[in-house]
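Understanding the architecture of this molecule
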Amino acid sequence: MRFLLTDEQRQFARSLDAMLAAAGTPAVVRAWAGGDTAPGRALWSRLADAGVFALAVPERYDGVGLLPVELAVAFAELGRHAVPGPLVETVAAAAFLDRLGNGAIAADWLPGIASGKSVVSFALLTADAPYALDAATADGVFVVEGDTVRLAESAGGVQRSADPARRLARPLGGAVLARSPAVTAAARHASRVARLATAAQALGLGRALLARTVEYVGRRTQFGVPIGSFQAVKHRLADVLIALEFAQPLLHSAALALAADGPDAGREIAAAKVAAGRAAHGAALTALHLHGALGYTDELDLSLWIRKARPLRDAWGTPAVCRARVLAGPGTAPAPASVSTSAQEAVDE
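Residues numbered from 1 in each chain as written. Predicted model: local features only at pLDDT ≥ 70, side-chain atom pairs only at ≥ 80, totals over all residues. Heavy atoms only, no water.

Here's the deal with the packing of aromatic side chains
According to the stated counting rule, one finds 4 aromatic pairs in the structure shown. Ring centres 4.6 Å apart and planes at 15 degrees place the aromatic pair Trp 44 and Phe 53 in the stacked group. Ring centres 5.2 Å apart and planes at 80 degrees place the aromatic pair Trp 109 and Phe 142 in the edge-to-face group. With a gap of 33 residues between them, Trp 109 in helix H6 (residues 103–115) and Phe 142 in strand S3 (residues 140–145) connect regions that are remote in the sequence. A relative accessible area of 0% means that Phe 142 is categorised as buried. Connected via pairs of aromatic rings, a cluster forms that spans Phe 96, Phe 122 and Trp 316. Above the face of the Trp 305 ring, Arg 212 is positioned so that its terminal group lies 4.0 Å from the ring centre. (Phe/Tyr/Trp six-rings, centres within 6.5 Å; stacked < 30°, edge-to-face > 60°. Helix = DSSP H or I, 4+ residues; strand = E, 2+ residues; numbered from the N terminus. Buried < 20%, exposed > 50% of the residue type's maximum accessible area, 1.4 Å probe, protein only. Lys NZ or Arg CZ within 6 Å of the ring centre and 35° of its normal.)

So this is what it looks like as structure tokens:
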């Protein structure tokens, strides 16, 4: 089966690519990592104007409905340009609030999410994953623990991550918004949306790393010839390309499954997450290897992409968690997953 985007979807991707290419995202990433969110919020507003966040908000709240394929297209471009911020968590929060069934809470937050005026974070807290992404700077942090959801009132100290732009913090306190089985069901749906968006980000990141590496090996010379002419280098790059091309249809299939909201959607999304995360991580390792010592330097923009690969691979479900979900069979409740998934994301590697 071939999963081809429509002309409108391809044009949407091209318009986002052009906008982000002109936005100077490396400077935005560095500012966000240093605690200056102003450039990132300005870019956030432009993304909202382009309709990115409206893709996860239903029409009755000023969105265009949950459109998983378009969401995957958009987040692949966000990953390609390494856009910082709680992008995945914001669309997950939108999906959660829509499914929660509380009209008052949805009306308070969803129009702001669609318009870009509200930057929110969302976390499914577990003992191994007590953090929420950008909890210290978001306008609101929705925290789910079991069948309870609360709106955190503050955040603990920012934790170090492998990716400096992923600013993790412990969400603290806050009023309980709801406590019922509906919270658990809504959180499961939000987790699926988050996994799909993270997989799309990883795929876009991997493609960007491959493109930059191909360009570099074409101009770096050794023994008087470009290193890209060496067979071993070609094999490494071919392996990365094959992994990315294999993940692409899995991502599109998962998006269609989520749109249909069928019983197999969770498994398909988990499979796409594994494939895209592995491909992006492989692209990062290959980029680092073929760039040599340059890949380690913070001054080189490439490092901003390389350092995102492992956190994206592990966020919203490590490969082990997602593989277990694939093998569990249809209709099985997924294992808990959050933005940080495990303690490994909260340390600098």
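Some thoughts on the sheet that holds strand S8 (residues 175–179)
One key point about sheets: their strands pair by backbone hydrogen bonds, in either a parallel or an antiparallel sense. The strand order S1-S3-S4-S8 describes an open sheet built from 4 strands, whose pairing is mixed. The sheet is open, and its two borders are formed by strand S1 (120–124) and S8, each paired with just one other strand. Averaged over neighbouring strand pairs, the angle between their axes works out to 20 degrees when direction is ignored. Inspection of the sheet shows strand S4 (residues 148–151) paired to S8 by 4 bridges, in the antiparallel sense. For Leu 151, the partnering residue across the bridge sits in S8 and is Ala 175. The strands touched by helix H5 (residues 87–100) are S1, S3 and S4; relative to S1, the strand with the most contacts, the crossing angle is about 75 degrees. (Pairing = 2+ DSSP bridges. Axes fitted to C-alpha atoms, helices over the stretch in contact; angles between N-to-C directions. Contact = heavy atoms within 4.5 Å.)

What about the confidence of the model for the protein chain?
Summarising the model, the protein chain shows a mean pLDDT of 92, and 94% of its residues fall at 70 or more. The low-confidence segment residues 339–349 (pLDDT under 50) makes 45 contacts with residues lying over four places distant or belonging to another chain. (pLDDT = per-residue confidence, 0-100.)

A few points about empty space enclosed by the protein
Within the structure shown, the criterion is met by 4 cavities of 30 Å³ or more. Volume-wise, the largest cavity comes out at about 190 Å³. Lining the largest cavity are 19 residues, with Val 83, Gly 85, Arg 166, Gln 201 and Leu 312 positioned closest to its centre. Breaking the lining of the largest cavity down by element, the ones donating at least two residues are helix H4 (68–80), H5, helix H7 (181–219) and helix H10 (302–314). Of all the elements, H5 adds the most residues to the lining of the largest cavity, at 3 residues. A class-by-class count of the residues in the lining of the largest cavity yields 11 nonpolar, 4 polar and 4 charged. (1 Å grid on protein atoms, 1.4 Å probe; cavity = no way out; pocket = protein on both sides within 12 Å on 5 of 7 lines; lining within 4 Å. Points joined across faces, edges and corners; volume = space filled by probe spheres on them. Nonpolar A, V, L, I, M, F, W, Y, C, P; charged D, E, K, R; others polar.)

What about the side chain of Lys 308?
Residue position: Lys 308 is located in helix H10. Of the residues examined, Lys 308 reaches a relative accessible area of 8% and is grouped as buried. Ignoring anything within four residues of it in the chain, the contact list for Lys 308 reads Ala 82, Asp 163, Ala 165 and Leu 205.

A short note on the nonpolar core
Judged by nonpolar contacts, the single largest core of 98 residues is most densely connected at Leu 47, Val 52, Phe 53, Phe 75, Phe 96, Phe 122 and Leu 209. Ranked by residues supplied to this core, first place goes to H7 with 18 residues. Dropping the residues within four chain positions of it, Phe 122 is found in contact with Glu 89, Ala 92, Ala 93, Phe 96, Phe 142, Val 144, Ala 190 and Trp 316. In terms of nonpolar packing, the next biggest core, distinct from the first, is built from 9 residues, Leu 125, Ala 132, Val 141 and Ala 169 among them. (Core = buried A, V, L, I, M, F, W, Y, C linked by side-chain atoms within 4.5 Å.)

Describing the environment of Gly 24
The topology assignment puts Gly 24 in the loop between helix H1 (7–21) and helix H2 (25–33). Through-space distance from the C-alpha of Gly 24 to that of Pro 39 is 9.9 Å; in sequence the pair is 15 residues apart.

Description of unusual backbone geometry
Backbone geometry at Asp 134 places phi at a positive 55 degrees, although glycine is not the residue there. Along the chain, Asp 134 falls in the loop between strand S2 (132–133) and S3. A relative accessible area of 2% places Asp 134 in the buried class. Its identity as a non-glycine residue notwithstanding, Trp 316 has a phi of 55 degrees, on the positive side.

Considering helix H8 (residues 231–260)
Here H8 spans 44 Å end to end across 30 residues, near enough to the 44 Å set by a 1.5 Å rise per residue. Within two residues after H8, Asp 261 carries a phi angle of roughly 55 degrees, on the positive side. (Expected span 1.5 Å × (residues − 1).)

Comments concerning the pattern of salt bridges
Across all of its chains, the model carries 14 salt bridges by this definition. With a shortest N-O distance of 3.4 Å, Arg 267 and Asp 264 are connected by a salt bridge. Taking relative accessible area as the criterion, Asp 264 reaches 30% and is therefore assigned partly exposed. We note a salt bridge from Asp 314 to Arg 313, for which the minimum N-O separation is 3.0 Å. Here Asp 314 and Arg 313 have matching classes, each one buried. Here the salt bridges do not stand alone but share partners, grouping Arg 310, Arg 313 and Asp 314 into one network. (Salt bridge = Lys/Arg side-chain N within 4 Å of Asp/Glu carboxyl O.)

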